[in-house]
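As a plain string of letters, each chain reads:
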Amino acid sequence: MLGQGCCRAVLARGPCAEVTRCSCGHIHLAVGPVTLRLEEDVLRALGHTLVEAIQQLELPPAHEAEAQEPAPTAAHGAPTGGWKQ
C-alpha cells in the first residue's frame, strides 16, 4: 500500500515483471503476485546474480557438472554478510 504523498514511476516493465521506484526511495520488484521492496544496491546485486544464473543456463550440460560456486565477495557492490532486508 502506498503511503500518503507516495507515487511510483515505472523503471522497467516486461511480460512477467515490473520494477518501479517509489517517491520515498524504495524500489519495488513485482513478479506475478509477489512484490519485493528493495534498496537500490540490493536491486543491482540481484541483477548481477540473475545475469550470472542466465549465463550458467546457457552453458552446455557437460560444463554444469564442472561449474563450482564462487566464494562470496563484494563484487559489483553486492552486500556481504548474508541477506539484506
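Residues numbered from 1 in each chain as written. Predicted model: local features only at pLDDT ≥ 70, side-chain atom pairs only at ≥ 80, totals over all residues. Heavy atoms only, no water.

Draft legend 1. Structural detail: the confidence of the model for the protein chain. Averaged over all residues, the pLDDT of the protein chain is 82; the fraction at 70 or higher stands at 68%. Across the protein chain, element-level confidence peaks in strand β3 (residues 27–31) with a mean pLDDT of 97 and bottoms out in helix α2 (residues 61–66) with 62. (pLDDT = per-residue confidence, 0-100. Helix = DSSP H or I, 4+ residues; strand = E, 2+ residues; numbered from the N terminus.)

Draft legend 2. Summary view of the pairing of strand β1 (residues 8–13). Where β1 and strand β2 (residues 17–22) come together, 5 bridges link them in antiparallel fashion. Looking across to β2, one finds that alanine 12 is bridged to valine 19. Linking two consecutive strands that pair antiparallel, namely β1 and β2, is a turn of 3 residues. (Pairing = 2+ DSSP bridges.)

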